[in-house]
Protein chains: 2
Amino acid sequence: MPFEITNELIEQVTSLIRQKDDTALLNILGDEHHADIAELLDDFSLDDATYVIKLLDSELTSDILMEVDEDIREKILKKLSAKEIAEELAELDTDDAADIVAELPEDRQEHVISHIEDEEHVKDIVELLKYDENSAGGLMAKELVKVNENWNVLKCVREMRAQAENVTRVHSIYVVDNDNVLKGRLSLKDLLVTSTKAQISEIYIPKVDSVNVYDKGEDVANIMQKYDLEAIPVVDENNKLMGRITIDDIVDVIKEEAEKDYQLAAGITEDVEADDTVWEHTRARLPWLFLGLIGGVGAAAIMGNFEEMINKHAVLFFFTPLIAAMAGNVGVQSSAIIVQGLANNDLKGSISNRLLKEFSLAIVNGLVLSIILFLFTWIWQESMLTSSAISISLFVVIIVAGIVGTFIPLFLDKRGIDPAIATGPFITTSNDIFGILIYFMIAKLILGI
Amino acid sequence: MPFEITNELIEQVTSLIRQKDDTALLNILGDEHHADIAELLDDFSLDDATYVIKLLDSELTSDILMEVDEDIREKILKKLSAKEIAEELAELDTDDAADIVAELPEDRQEHVISHIEDEEHVKDIVELLKYDENSAGGLMAKELVKVNENWNVLKCVREMRAQAENVTRVHSIYVVDNDNVLKGRLSLKDLLVTSTKAQISEIYIPKVDSVNVYDKGEDVANIMQKYDLEAIPVVDENNKLMGRITIDDIVDVIKEEAEKDYQLAAGITEDVEADDTVWEHTRARLPWLFLGLIGGVGAAAIMGNFEEMINKHAVLFFFTPLIAAMAGNVGVQSSAIIVQGLANNDLKGSISNRLLKEFSLAIVNGLVLSIILFLFTWIWQESMLTSSAISISLFVVIIVAGIVGTFIPLFLDKRGIDPAIATGPFITTSNDIFGILIYFMIAKLILGI
């Protein structure tokens, strides 16, 4: 039975806020899941949302804050005192706390941190702030359960109980030596089935996947996905255990990565959501549209150079949108396959093999489509020569577009640039220009003008 | 230290296969992770891959089979006897085993199943085969740890140990009543900290999220993501516990869903990967290209109707690719935002609000771009009237394209059709035609021909 936000619920809660009926509010909201309340607050005015945050217990509100939209969180945090924010941070795991601190204006960060009472927590948060937010270090939490290889199971269980208090979910128990170097892991299941006198060093599993603090978030996601891991320990260059990353954070990375690529393919440069302001959408959309405009102007300029053909062969000009569209479509298809292959790390073989394949594919598609177009134009215009010019051009354009669409993302990737920017408007626009240039050159050649 | 497939490794392993040096092969491969071996096999010939599968222990090969590419798995399974496949299935969790059985030709399914010795396992697999593969029932495994609310902790721990043998990862312990109705859950952590004499009914957490066997995979993914769950129990309409879904399967659902949407936006209709055959790619790409061709022909036909304008205002024809491209780009941007909003379930407000917003956005973008285009064409052609006709048309086309791009996915979604098909070539093509029609109609109006 999923939670549903009804208009009645919104009205009920907002009217209780107006009446400042805190008891009733606590009754309604106190038992809800933080993710549900966050969804509710996304629909509220800033004042109402802040009211709810100040009213509820910080154990609940800290989780709510992590779930609301980033821009709403920013605004609510502005309305809270440094001390109030510190209370929220105290309830959060170190990774979430560090994320919130990083979102605060720099002059406020230190002030807020100074109000957190638990010094260990402060030290951990400050450490995590060092790492880039898209690195393993930026994704990891300091909370984990670790045991020393020299302990026995009994001591291990005792220590674990204490540590587990601070850890939301125990996946693996990491085994370290006296220098905190990661040696292996234990599963809770193993502990359940082993004698309490056994030495940890005798029962731990020495094989454990780990990532380095500086590894990229996407790489961590790929590893966790490939090996079906639910948590992975993060180590430094000396293999010392620094933290752990859990799958729920990786799910967010995968989702964000996919959305970013999707938006890039659709010609949207910044991360926007449907409910962002018109101004934010303009900023995200206008750049690629402007690029498209330049491309269109370029295409017009090219056609201007072939103006002399317009009297004898006006029909050529009728097919420019078709040529441009096909060049764009073929380019987008090819580049999308490459971008996905690169992201999933499953592109095998050399660049020239890849181009050869795309070439054969373009020949097949090009042949089919050119023959259809030839038949259509022939029936329509009854001119063998014009029809040949148009359909042969289409054939060549499809091949060039396929190769360009394959080559550009591969090239960008080699240069260390995100190949996803090569999809969508970028390929469409450059292929528009290429396509129309090739089209008129071939037409000129065949029609001999 | 991630595993890397080097050419040396491939050569070494294939030459050992040629020499039938099984001992050396077992030495090299026996200790590798099944996901790594699967990656290796993806590069092998079918005979070599089958050789490796037959050589290694089925505990390892069953997992390898789950990881290799679907088409490679299909071919390998053809080379294995029913008995050999049954041995693999015996090692797999019920959800994976059912997936493999479902991939077998129908006449082979029963034969293979009849070779599995564990009757309980057979019963579970047969049950799972009933469900659609994209439903919660199709994603769930029968393996889980459940305890009766009437037991005490001691009995619970004893029973759990026995059950845990069959369960790869224990996330939650589900609590049921005598009729197998889901009552709540226990965490392993709780068990660690509770007295062994306590009654389960006193200590379990009665709040537990669950999904119905017939819920869609995407909905399960949204719920697990929203509530950061690592496993969710699946119940039938009477709330009886049927199975559980773990996050690693959901990660695959999220990933596949994102890839499908991305490919649809790029005009690719079937799920293809870079390494699929030219034929598979043609089948996936040709349909949308054909649609684009039809659109281009439509655009040409429209222009044919305005042929009389070509003598006086040839320049109008130079800008048709620009108009078509802009109509396409704006439409794709708008539809992408809607498709994402629908997928993430965060589109709020009514359809008319949504259209109004897209309308304002189009006015802003349209104004900026039209003014730029006006200036350019004025400088180029020095005709106020033609420049006005072109840039006013662009303005109107951008507005219409934005509204069409917003409306179509919303409309499809209301009709229960996947709105993702409305992105990419579909929007581009229809907007090309719209755009060019509007363009020439406005030009005719302004230029009065």
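Because the structure is predicted, anything quoted here is derived from the model rather than measured. (Residues numbered from 1 in each chain as written. Chains lettered and ligands numbered in written order. Predicted model: local features only at pLDDT ≥ 70, side-chain atom pairs only at ≥ 80, totals over all residues.)

Asks: How should I be thinking about the overall build of chain A in this particular structure?
Replies: Summing up its helical and strand segments, chain A has 22 helices and six strands in all. For chain A, whose C-alpha radius of gyration is 30 Å, the value lies well above the compact-globule estimate of 22 Å for 449 residues. The proportion of buried residues among the 449 residues of chain A is 47%. Sequence-distant contacts, at least 24 apart, represent 70% of the contacts inside chain A between residues at least 6 apart. (Helix = DSSP H or I, 4+ residues; strand = E, 2+ residues; numbered from the N terminus. Rg over C-alpha atoms; globule rule 2.2 N^0.38 Å. Buried ≥ 20, exposed ≤ 12 C-beta atoms within 10 Å, placed from the backbone. Contact = placed C-beta atoms within 7 Å.)

Asks: Explain the sheet that holds strand S1 (residues 146–148) of chain A to me, please; I cannot follow it from the model alone.
Replies: The strands that make up a sheet pair up through hydrogen bonds in the backbone, lying either parallel or antiparallel. All names here are of chain A. Strand order in this open sheet of three strands is S1-S2-S3, and the pairing throughout is mixed. Each of the sheet's edge strands pairs with one partner strand only, and the pair in question is S1 and strand S3 (182–187). For this sheet, the mean angle separating the axes of adjacent strands, direction not counted, is 35 degrees. As judged from the five bridges shared by strand S2 (residues 172–176) and S3, these two strands associate in the antiparallel manner. For Ser172, the partnering residue across the bridge sits in S3 and is Ser187. (Pairing = 2+ DSSP bridges. Axes fitted to C-alpha atoms, helices over the stretch in contact; angles between N-to-C directions.)

Asks: Mind showing me how you'd approach the nonpolar core here?
Replies: Burial of nonpolar side chains together is a common tendency in soluble globular proteins. A:Met326 and B:Met326 are the most contacted members of the largest nonpolar core, which has 263 residues in total. In this view, B:Met326 contacts A:Leu289, A:Gly292, A:Leu293, A:Gly296, B:Leu394, B:Val397 and B:Ile398; residues no more than four positions away in its chain are not counted. (Core = buried A, V, L, I, M, F, W, Y, C linked by C-beta atoms within 7 Å.)

Asks: Could you clarify how one ought to interpret helix H10 (residues 119–129) of chain B in this entry?
Replies: Along an α-helix, residues three or four apart share an orientation, since each turn contains 3.6 residues. Residue and element names in this part refer to chain B. Those residues of H10 that fall on the buried side of the exposure criterion are His121, Asp124, Ile125 and Leu128. Taken around the axis of H10, the buried residues stretch over an arc of 100 degrees, which confines them to a single face. Every exposed residue of H10 that faces more than 90 degrees away from the buried side is listed here: Glu119 and Lys123. Residues of H10 that are buried make contact with helix H7 (82–91), helix H8 (94–103) and helix H9 (106–114). (Arc of directions from axis to C-beta.)

Asks: How should I be thinking about the relation of the copies chain A and chain B in this particular structure?
Replies: Relating one copy of the chain to the other requires a rotation about an axis plus a shift along that axis. Superposing chain A onto chain B takes a rotation of 180 degrees combined with a translation of 0.0 Å along the rotation axis, leaving an RMSD of 0.1 Å. Overall, the copies show the geometry of a two-fold rotation axis. Among all residues of chain A, the one whose C-alpha sits closest to the rotation axis is A:Pro321, at a distance of 2.4 Å. Here 100% of the contact residues of chain A are again contact residues in chain B; the copies associate through an equivalent surface. (Least-squares fit on C-alpha atoms with pLDDT ≥ 70 in both.)

Asks: Can you help me understand the interface of chain A and chain B in this one?
Replies: Often, the extent of an interface is quoted as the loss of accessible area on bringing the components together. With 91 residues of chain A at the contact, the number on the chain B side is 91 residues. It is helix H17 (residues 278–305) of chain A that provides the largest number of residues to the side of chain A that touches chain B, a total of 17 residues. In the side of chain A that touches chain B, the residues fall into 53 nonpolar, 19 polar and 19 charged. (Nonpolar A, V, L, I, M, F, W, Y, C, P; charged D, E, K, R; others polar.)

Asks: What's the story with the sheet that holds strand S5 (residues 231–235) of chain B in this structure? I'm lost.
Replies: Residue and element names in this part refer to chain B. Strand order in the open sheet made by the three strands is S4-S5-S6, with mixed pairing throughout. Taken across any chain shown, the strands that pair with only one partner, and hence form the sheet edges, are strand S4 (211–212) and strand S6 (241–246). Note: S5 against S6, five bridges, orientation antiparallel. Considered in S6, the bridge of Val235 is made with Leu241.

Asks: Is there a simple way to explain the environment of B:Arg185 in this structure?
Replies: Residues and elements named next belong to chain B. Inspection of the secondary structure assignment puts Arg185 in strand S3 (residues 182–187). Taking the number of C-beta atoms within 10 Å as the measure of exposure, Arg185 has 22 and is therefore buried. Between the alpha carbons of Arg185 and Pro206 there is a distance of 6.6 Å; along the sequence they are 21 residues apart. The contact partners of Arg185, leaving out residues within four places of it in the chain, are Ser172, Ile173, Tyr174, Val175, Tyr204, Ile205 and Val208.

Asks: When you look at the confidence of the model for chain A in this model, what are you seeing that I'm missing?
Replies: It should be kept in mind that the predicted coordinates are not to be read in detail where pLDDT is low. All names here are of chain A. Mean pLDDT over chain A: 88, with 97% of residues reaching 70 or higher. Averaged over each element, pLDDT in chain A is lowest for helix H13 (residues 188–193) (70) and highest for strand S4 (residues 211–212) (96). For this predicted complex, the interface score ipTM comes out at 0.82, alongside a pTM of 0.83. (pLDDT = per-residue confidence, 0-100.)

Asks: Would you mind going over the domain arrangement of chain A with me for this structure?
Replies: All names here are of chain A. The domain architecture assigned to chain A consists of domain 1 (7–139), domain 2 (146–252) and domain 3 (278–447). Centre-to-centre, using C-alpha coordinates, domain 1 lies 29 Å away from domain 2. In terms of residue class, the side of domain 1 that touches domain 2 is built from three nonpolar, three polar and one charged. (Domains from an automatic or database assignment.)

Asks: Would you take a moment to explain the environment of B:Ile28 for this structure?
Replies: With respect to the helices and strands, the residue B:Ile28 is situated in helix H2 (residues 22–29). Between the C-alpha atoms of B:Ile28 and B:Ile302, which are 274 residues apart in sequence, the distance is 66 Å.

Asks: Explain unusual backbone geometry here, please?
Replies: Residues and elements named next belong to chain A. One non-glycine residue with positive phi stands out, namely Asn180, at about 70 degrees. Tracing the sequence through the fold places Asn180 in the loop between S2 and S3. Of the residues examined, Asn180 has 16 C-beta atoms within 10 Å and is grouped as partly exposed.

Asks: What is the right way to read the packing of H17(A) against helix H20 (residues 351–381) of chain B from this model?
Replies: Pairs of packed helices are described in terms of their axes, by the angle between the two and the distance that separates them. With their axes 10 Å apart at the nearest point, H17(A) and H20(B) run at an angle of 35 degrees to one another. Here H17(A) and H20(B) pass one another in a crossing that is right-handed. Residues A:Val278, A:His281, A:Thr282, A:Arg285, A:Leu286, A:Leu289, A:Phe290, A:Leu293 and A:Val297 of H17(A) form the contact with H20(B), whose participating residues are B:Lys357, B:Ser360, B:Leu361, B:Val364, B:Asn365, B:Val368, B:Leu369, B:Ile372, B:Leu373 and B:Phe376. (Left-handed = near helix turned anticlockwise from the far one by under 90°.)

Asks: Before we go on, may I ask you to explain helix H19 (residues 320–343) of chain A in this structure?
Replies: Residues and elements named next belong to chain A. Helix length check: H19, at 24 residues, gives a terminal C-alpha distance of 34 Å against a target of 34 Å (1.5 Å per residue), a fit within 8%. Summarising burial for H19: 23 of the 24 residues are buried, a large majority. Just past H19, the residue Asn345 takes up positive phi, approximately 60 degrees. (Expected span 1.5 Å × (residues − 1).)

Asks: Is there a simple way to think about the packing of helix H4 (residues 46–55) of chain B against helix H6 (residues 70–79) of chain B in this case?
Replies: Residues and elements named next belong to chain B. Between H4 and H6, whose axes approach to 10 Å, the crossing angle comes to 65 degrees. Classified by the angle between their axes, H4 and H6 sit roughly perpendicular to one another. Note on packing geometry: the crossing formed by H4 with H6 is right-handed. Residue-level contacts link Leu46, Ala49, Thr50 and Ile53 of H4 to Ile72, Lys75, Ile76 and Lys79 of H6. (Parallel < 35°, antiparallel > 145°, perpendicular 65-115°, else oblique.)

Asks: Can you help me understand the pairing of strand S2 (residues 172–176) of chain B in this one?
Replies: Each regular strand shows side chains that alternate between the opposite faces of the sheet. Residues and elements named next belong to chain B. The buried count for S2 comes to four of five residues, which makes it a mostly enclosed element. Both strand S1 (residues 146–148) and S2 contribute to a ladder of three bridges, which runs parallel. If you follow Asn148 over to S2, its bridge partner there is Val176.

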